[in-house]
Amino acid sequence: MDTLNKMRYKLVMSIAGTDPTSGAGIQADLKTAAALGCYATNVITAVVVQNTQGVREVMPMSASMIEAQVRAILDDTGTDTVKIGMLCGKEQIMTVAKLLKEYKLANVVLDPVLASTSGATFLKRDGLKMLCDELMPYVRLVTPNIPEAMQILGIEGEDIEMEEVAKVLVERCKTSILLKGGHKKGAMERGQTSDMLCDAERRGEIYAYTHEYIDTPNTHGTGCTLSTAIASYMAIEKGRQLSEIVGKAHDYVASAIKGAARYEIGEGHGPLHHFWELWK
């Protein structure tokens, strides 16, 4: 019998909360990685009761349970990249930071999930400070939206200059920043959305990514999907420049939003269409 040539999966480990509607969190991460040709393992940080209309309840996992999940994965399959989403409190943050350092994990993407669109708060100010001081030094890229960026910097306002804010965030967080502009005032009127990368790996070079604004309520899980797409492309195309990886992930998310626009599910914000290319 001929021996088959064994192939190795490109592995993405997602550390995040759940979503029963599969629009965001771990479920969105699994779909994103699969759509892009990766195999996703997952570490659950919280069981979240939510639907398309909002978050109803959050049950955080203990720090010891998170550590046990991470060790079970890394001691067996290992991983090429890591995506971190919802973290609930200082113990969870310190545990994840300790493990990133211990296992020497380099390609880490952090989507700082601080609150839900419906207004539920996941991380208080002392936890946010710890996220910046203790976890971000082990992260390659942080992907805040504008409200999250304002919270990190402790400032208020909507009409901001994205390039300047991205540069200040790099100084604060000591790593590369992808500032997401979906919440920027006037995006609908301009007919386009714009994200801004400040690449700390290339002395703070700035890259802008623009796409057509799609008028659709189906945007639930956009941040989860983008950060996991970036982590997936980091696994697939090791050694490629960060700006190119972000560009490919940005294109994927734009297509997933466009693909979801003609569908209806739930009474609130529906999910992206992660498998738009397969279904077409």
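As the structure is a prediction and not an experimental result, all values here were calculated from the model.

1. Description of a nonpolar patch on the surface
Residues Tyr263, Leu278 and Trp279 make up a contiguous nonpolar surface patch of about 400 Å² in total accessible area. With respect to the secondary-structure elements, tryptophan 279 resides in helix H10 (residues 276–279).

2. Structural notes on the state of the cysteines
Evaluated as defined, the whole model comprises 0 disulfides. With no disulfide partner, cysteine 88 has as its closest neighbouring cysteine sulfur the one in cysteine 224, 13 Å distant. Relative accessible area serves as the criterion here: at 16%, cysteine 88 is assigned to the buried category. Classification of cysteine 224 as buried rests on a relative accessible area of 14%.

3. Comments concerning the packing of helix H5 (residues 146–153) against helix H6 (residues 162–173)
Two elements in contact, H5 and H6, have axes separated by 11 Å at closest approach and are oriented at 50°. When the axis of H5 is compared with that of H6, the two are oblique. Crossing hand, H5 versus H6: left-handed. From H5, Ala149, Met150, Ile152 and Leu153 reach across to H6, where they touch Val165, Val168, Leu169, Arg172 and Cys173.

4. Details of the side chain of threonine 175
Along the polypeptide, threonine 175 turns up in the loop between H6 and strand E7 (176–179). Under the relative-accessibility criterion, threonine 175 is labelled buried at 6%. Of the polar contacts made by the side chain of threonine 175, one reaches the backbone oxygen of valine 139; its length is 2.7 Å. Sequence-distant contacts of threonine 175, defined by excluding residues within four places in its chain, comprise Met136, Val139, Arg140, Leu141, Val142, Val170 and Ala200.

5. Examining unusual backbone geometry
Although it is not a glycine, serine 22 adopts a positive phi angle of roughly 65°. Mapped onto the fold, serine 22 is located in the loop between strand E1 (11–17) and helix H1 (25–35). Serine 22 gets classed as partly exposed once you look at its relative accessible area, which sits at 25%. Here the phi dihedral of lysine 174 falls at roughly 60°; this positive angle occurs in a residue that is not glycine. By the secondary structure assignment, lysine 174 is in the loop between H6 and E7.

6. Concerning helix H3 (residues 90–102)
Given 3.6 residues per turn, any residue in an α-helix points the same way as the ones three and four places further on. For H3, spanning 13 residues, the distance from its first C-alpha to its last is 18 Å, which sits close to the expected 18 Å at 1.5 Å a residue. Note on H3: the residue one or two positions beyond its end, lysine 104, has a positive phi of about 55°.

Calculation rules
Residues numbered from 1 in each chain as written. Predicted model: local features only at pLDDT ≥ 70, side-chain atom pairs only at ≥ 80, totals over all residues. Heavy atoms only, no water. Patch = residues over 30% accessible without salt bridge, like charges linked within 9 Å, V, L, I, M, F, W, Y side chains within 5 Å. Areas by Shrake-Rupley, 256 points an atom, 1.4 Å probe, with all protein chains shown as cover. Salt bridge = Lys/Arg side-chain N within 4 Å of Asp/Glu carboxyl O. Helix = DSSP H or I, 4+ residues; strand = E, 2+ residues; numbered from the N terminus. Disulfide = S-S within 2.5 Å. Buried < 20%, exposed > 50% of the residue type's maximum accessible area, 1.4 Å probe, protein only. Axes fitted to C-alpha atoms, helices over the stretch in contact; angles between N-to-C directions. Parallel < 35°, antiparallel > 145°, perpendicular 65-115°, else oblique. Left-handed = near helix turned anticlockwise from the far one by under 90°. Contact = heavy atoms within 4.5 Å. Polar contact = N/O pair within 3.5 Å; in protein donor to acceptor, adjacent residues only side chain to side chain. Expected span 1.5 Å × (residues − 1).

Coordinates in, geometry out; function isn't part of it.
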